[in-house]
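Chain residues, written in single-letter form:
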Amino acid sequence: MKIFVQRVSGLTSIESQLSPQQKKSAQFKGSGLVVLLGWTQFDAARTDLAAAEEWLFTRALGLRIFPDSNDRMNLSLADYLKEHKSEGGILWVPQFTLAGKLDSGFRPSFTDAMAPDLARVRFLEWVKKTEAIQNQNSINHIFGDFGADMNLSFTNWGPLSLHLEK
């Protein structure tokens, strides 16, 4: 499994369109993270996939990439929001293109991505896990829609972007 984390500030929003009749939008204001989530075919055969997902989930929530009072990257998002008495959030987005390869030519191959029916289940489990901890801190969690055409809008703060894989 792979995730790509970006530290963001300002207004972060997502608009999803599953069909012409089904549109959805969500947003949060303040500091936060945009986290892209990708599963691979390799993950489908793993016996430790749940442990790998838990490791990445814990890392994303606990990343100490927000500035402390000395302007050093030393605080997690939850600690930063608490210290500044401010709002913020995390936008979680399923992103099969994280499994993309560009071994030759200019057209990426996505054959290493997990099959959509399996990846949908994994993402829905991720959403369920995240919603279970929603009220434990001041972080507003919003989600992309699996298989939807999505427009993301955010300002990368730093810029700071990290690729994590387990």
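Look up a bit, the structure's there.
Predicted model only: the values in this text are computed from it and were never measured.

### Some points on the packing of helix H2 (residues 49-62) against helix H4 (residues 116-132)
For any two helices packed against each other, one specifies the inter-axial angle together with the distance between the axes.
Right, on to step 1. The N-to-C vectors of H2 and H4 enclose an angle of 50°; their axes lie 12 Å apart at closest approach. If you check the angle between H2 and H4, you find them oblique. Seen from above, H2 lies across H4 with right-handed handedness. Every residue of H4 that contacts H2 at Leu 49, Glu 53, Glu 54, Leu 56 and Phe 57 is listed here: Arg 122, Trp 126, Lys 129 and Thr 130.
Right, on to step 2. Partitioning the contact of H2 with H4 into residue classes produces four nonpolar, one polar and four charged.

### Structural notes on H4
Right, on to step 1. For H4, which comprises 17 residues, the first-to-last C-alpha distance of 24 Å matches the rise-based estimate of 24 Å (1.5 Å per residue) to within 8%.
Right, on to step 2. What H4 keeps buried is the set Ala 119, Phe 123, Trp 126, Val 127 and Thr 130. Summarising the axial view, the buried residues of H4 lie within an arc of 100°, below the 170-degree limit, and thus occupy one face. Facing away from the buried side of H4, by more than 90 degrees, are the exposed residues Asp 117, Lys 128 and Ala 132.

### Considerations on the side chain of Glu 53
Right, on to step 1. Positionally, Glu 53 belongs in helix H2.
Right, on to step 2. Residue Glu 53 is classed as buried on the basis of its relative accessible area, which comes to 4%.
Right, on to step 3. Not counting residues up to four positions away in its chain, the partners in contact with Glu 53 are Met 1, Trp 39, Arg 122, Trp 126 and Lys 129.

### Some thoughts on the pairing of strand S1 (residues 2-17)
Right, on to step 1. The pairing of S1 with strand S3 (residues 31-38) spans seven bridges and is classified as antiparallel. Considered in S3, the bridge of Phe 4 is made with Leu 36.
Right, on to step 2. In this structure, S1 lies alongside strand S8 (residues 149-165), joined through twelve bridges in antiparallel fashion. By the bridge assignment for S8, Phe 4 is matched with His 163.

### Considering the pattern of salt bridges
Right, on to step 1. With the rule as written, the count across this model stands at seven salt bridges.
Right, on to step 2. A salt bridge links Asp 145 to Lys 24; the nearest nitrogen and oxygen atoms lie 3.1 Å apart. Taken together, the positions of Asp 145 in the loop between strand S7 (139-143) and S8 and Lys 24 in strand S2 (residues 23-29) put the pair 121 residues apart, joining distant regions of the chain.
Right, on to step 3. According to the relative accessible area criterion, Asp 145 is buried, its value standing at 14%.
Right, on to step 4. Among the salt bridges present, the one from Lys 101 reaches Asp 112, with a minimum N-O distance of 3.2 Å. A residue pair is termed long-range when its members are at least 10 positions apart, and Lys 101 in the loop between strand S6 (88-94) and H4 and Asp 112 in the loop between S6 and H4 qualify at eleven residues.
Right, on to step 5. For Lys 101, a relative accessible area of 38% gives the class partly exposed.
Right, on to step 6. Sharing partners across several salt bridges, the network here consists of Asp 43, Arg 46 and Asp 48.

Conventions adopted
Residues numbered from 1 in each chain as written. Predicted model: local features only at pLDDT ≥ 70, side-chain atom pairs only at ≥ 80, totals over all residues. Heavy atoms only, no water. Axes fitted to C-alpha atoms, helices over the stretch in contact; angles between N-to-C directions. Helix = DSSP H or I, 4+ residues; strand = E, 2+ residues; numbered from the N terminus. Parallel < 35°, antiparallel > 145°, perpendicular 65-115°, else oblique. Left-handed = near helix turned anticlockwise from the far one by under 90°. Contact = heavy atoms within 4.5 Å. Nonpolar A, V, L, I, M, F, W, Y, C, P; charged D, E, K, R; others polar. Expected span 1.5 Å × (residues − 1). Buried < 20%, exposed > 50% of the residue type's maximum accessible area, 1.4 Å probe, protein only. Arc of directions from axis to C-beta. Pairing = 2+ DSSP bridges. Salt bridge = Lys/Arg side-chain N within 4 Å of Asp/Glu carboxyl O.

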